[in-house]
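# Reading the structure
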Amino acid sequence: MTLIIVTILILSYLLIATSNLTKVNKTAIAIFAAAVGWVLYICYGTDFVMSQHSAEYIDFLGGAIPTSTAVKHYIAQNIFLKYVGRGAEIVLFLLATMTIVEILNNNGCFDFLTELMKTRNSRKLLWMMTGITFVVSANLDNITTTTMMLVVMHGLIPNRRHRIIYGCAIVLAANCGGALTVIGDPTGLLLWNNGAVTASRFSASLAIPCLVSCALPVFMLGRMLPERISIEWVLPYRGDDTNLSRWQRIMMLFVGIGGLWFIPTFHNITKLSPFIGALCVLSLLWIVNEIVNRKLMNVDKMIQRRMPRVLQYGVIQMMLFVMGMMLAVGVVYETGALSWQARNIDYQIHNIWIVSAMAAVMSSMVDSFATSLSFISLYPIVDAEALNRWTDADYMASFVQNGNYWKVIAYSTAMGGNFMLTGSLSGLALMKMERIHVGWYLRNVGLMSFMAWIIGMFVIMIMTL
């Protein structure tokens, strides 16, 4: 049965990697793999529980006779809910940030982005758009930032060929900026929730590699643009849904984005899950929104605009995908297959840099989050104080909190998503919006992104010496 469950996960990865060809949504594949995997697991629950959790199961029985009903209750209460909780932490965080973005957008707070990009100089506009996307993505999730900036870009640039180049830069900047912080990408959030990294050390280690991985491909994209391009400076009409003044929009932007910056400090003080901090920011912003828009709400003039619908659709898909992959990989872990694979990797490879290269290649073909989740689940977090008990303490030091393994896996999987558009949800969003061919992207952007990733890896190696 372990072989069957592992086979289902492998087939799911293959379908996710070829979702652009099969036209089957990768979120549906992840949810299906999770559901079938746990059903098969609980059907053979006694064998799995006795091999992986025998002592805990005996304590759970408390002297009672083991039955099929008892083992199902144990799995549901002590195993399954653990993975539901881990997935829910990320999903609730994404839900909170998505709602924050929707409130800010409905009030025109992101119109400042369009105002900043009033230039016909193509390269200047490219770097401004890249920088804004990089910074915003470090504070919001990748798909939200990508979709928001693609909508802004689509309204500014009428030429499709130019939009493709700017769209590629947006995807690169969103993936690189998201990898910079623990709240900018589901992988970083997963590592932070599990205690594998701390927010400040994580960002400090990946700052230069992420900047290099973003700047080099964008520089090459800039050479494909003419000196000047045609721009349309048309701000969206908002007279029917918001009457906020400029300072009110700035205040709401400060509350929303500034509140997200405070989440790591909130987590360090309270030790509560980061999604609690995100919900606190959301509640505060929501209150401010109702206060400044009370007149419009009283006369029922608030409307739903196009951009929040796009954001909502994309982020809800990502939330379901994250939950599906967390549950699917979780059931494989509970069979003991991942622990067995980790021992094989330690014996055959025994090098985190080679493993991270494997993760980068796999993420470019499958999905960055699915790949990072698989590689992160291979190893537990090692207690730093117990390193002297290991025969290979230098190697095991890579798996302590803020160890090199967690950082290079997060970096490599995020950058691997830049090698091909199909490797990340941000890339898929660009493909759907501008109908970019994978071959064109691989020739003009993917190879340069691969070189930038190698340079970034050398930077991390030098910083860890």
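Up top you'll find the structure we're talking about.
Procedures and definitions
- Residues numbered from 1 in each chain as written.
- Predicted model: local features only at pLDDT ≥ 70, side-chain atom pairs only at ≥ 80, totals over all residues.
- Heavy atoms only, no water.
- Helix = DSSP H or I, 4+ residues; strand = E, 2+ residues; numbered from the N terminus.
- Expected span 1.5 Å × (residues − 1).
- Buried < 20%, exposed > 50% of the residue type's maximum accessible area, 1.4 Å probe, protein only.
- Arc of directions from axis to C-beta.
- Salt bridge = Lys/Arg side-chain N within 4 Å of Asp/Glu carboxyl O.
- Polar contact = N/O pair within 3.5 Å; in protein donor to acceptor, adjacent residues only side chain to side chain.
- Contact = heavy atoms within 4.5 Å.
- Axes fitted to C-alpha atoms, helices over the stretch in contact; angles between N-to-C directions.
- Parallel < 35°, antiparallel > 145°, perpendicular 65-115°, else oblique.
- Left-handed = near helix turned anticlockwise from the far one by under 90°.
- Nonpolar A, V, L, I, M, F, W, Y, C, P; charged D, E, K, R; others polar.
- Phe/Tyr/Trp six-rings, centres within 6.5 Å; stacked < 30°, edge-to-face > 60°.
- Lys NZ or Arg CZ within 6 Å of the ring centre and 35° of its normal.

### Details of helix α1 (residues 2-17)
With 16 residues, α1 should cover 22 Å at 1.5 Å per step; its first-to-last C-alpha distance of 23 Å lies within 8% of that length. Inspection of α1 places Ile5, Ile8, Leu9, Ser12, Tyr13 and Ile16 among the buried residues, and these make up the whole buried set. For α1, the buried positions fall inside an angular range of 135° around the axis, keeping them on one side. Opposite its buried face, α1 presents the exposed residues Leu3 and Leu14, each directed more than 90 degrees away.

### With respect to the pattern of salt bridges
Note that side chains of opposite charge can pair when their charged atoms are close. Taken as a whole, this structure holds three salt bridges when the rule is applied. When the shortest N-O distance is used, the salt bridge between Lys82 and Glu334 registers 3.6 Å. Taken together, the residues Lys82 in helix α6 (residues 68-106) and Glu334 in helix α17 (residues 306-334) connect sequence positions 252 residues apart. When its relative accessible area of 2% is taken as the criterion, Glu334 is described as buried. Here Glu227 makes a salt bridge to Arg123, at a shortest N to O gap of 3.5 Å. Placement of the pair is Glu227 in the loop between α12 (199-222) and α13 (246-261) and Arg123 in helix α8 (residues 122-137), with a sequence separation of 104 residues. In this structure Glu227 comes out as exposed when scored by relative accessible area, which is 53%.

### Details of helix α10 (residues 160-180)
An α-helix turns once per 3.6 residues; consequently, residues spaced three or four apart project the same way. Between its first and last C-alpha, α10 extends 30 Å over 21 residues, near the 30 Å set by a 1.5 Å rise per residue. By the criterion of burial, α10 is predominantly enclosed, with 19 of the 21 residues buried. The N-terminus of α10 is capped by Asn159, whose side-chain oxygen sits 2.9 Å from the backbone nitrogen of Arg161.

### Considerations on the environment of Glu334
Sequence separation between Glu334 and Val49 is 285 residues, and the spatial gap between their C-alpha atoms is 8.5 Å. Those residues in contact with Glu334, other than ones at most four positions away along the chain, are Trp38, Tyr41, Gln52, His53, Ile79, Lys82 and Tyr83. A distance of 2.6 Å separates the side chain of Glu334 from the side chain of His53, its partner in a polar contact. Side chain to side chain, Glu334 and Tyr83 meet in a polar contact 2.5 Å long.

### Describing the side chain of Ser122
Within the secondary structure, Ser122 sits in helix α8. When residues no more than four places from it in sequence are discounted, the contact partners of Ser122 are Tyr166, Leu225, Pro226, Glu227, Arg228 and Ile229.

### Things to note about the packing of α12 against helix α22 (residues 404-419)
Here α12 crosses α22 at 30°, and the two axes come no closer than 11 Å. Overall, the two elements α12 and α22 adopt an arrangement that is roughly parallel. Remark: the crossing between α12 and α22 carries right-handed chirality. Two secondary-structure elements touch here, α12 through Arg201, Phe202, Ser205, Leu206, Pro209, Cys210 and Ser213 and α22 through Lys407, Ala410, Tyr411 and Met415. For the contact of α12 with α22, the per-class residue count stands at seven nonpolar, two polar and two charged.

### A closer look at the packing of aromatic side chains
Inspection of the entire model under this criterion finds 15 aromatic pairs. Consider the rings of Phe399 and Tyr405, whose centres lie 4.9 Å apart with planes at 45°: the pair is tilted. Of the two residues, Phe399 and Tyr405, both sit in the buried class. Summarising the aromatic geometry, the rings of Phe419 and Phe450 are spaced 5.4 Å apart at their centres and angled 70° between planes, so their arrangement reads as edge-to-face. Here Phe419 is found in helix α22, whereas its partner Phe450 is found in helix α24 (residues 438-464), with 31 residues between them in sequence. What makes Phe450 partly exposed here is its relative accessible area of 32%. In textbook terms, an aromatic cluster arises when at least three aromatic residues are bridged by ring pairs, as seen for Trp38, Tyr41, Phe48, Phe80 and Tyr83. Above the face of the Phe321 ring, Lys26 is positioned so that its terminal group lies 5.9 Å from the ring centre. The aromatic ring of Tyr83 is capped on one face by Arg86, whose charged end is 5.4 Å from the ring centroid.

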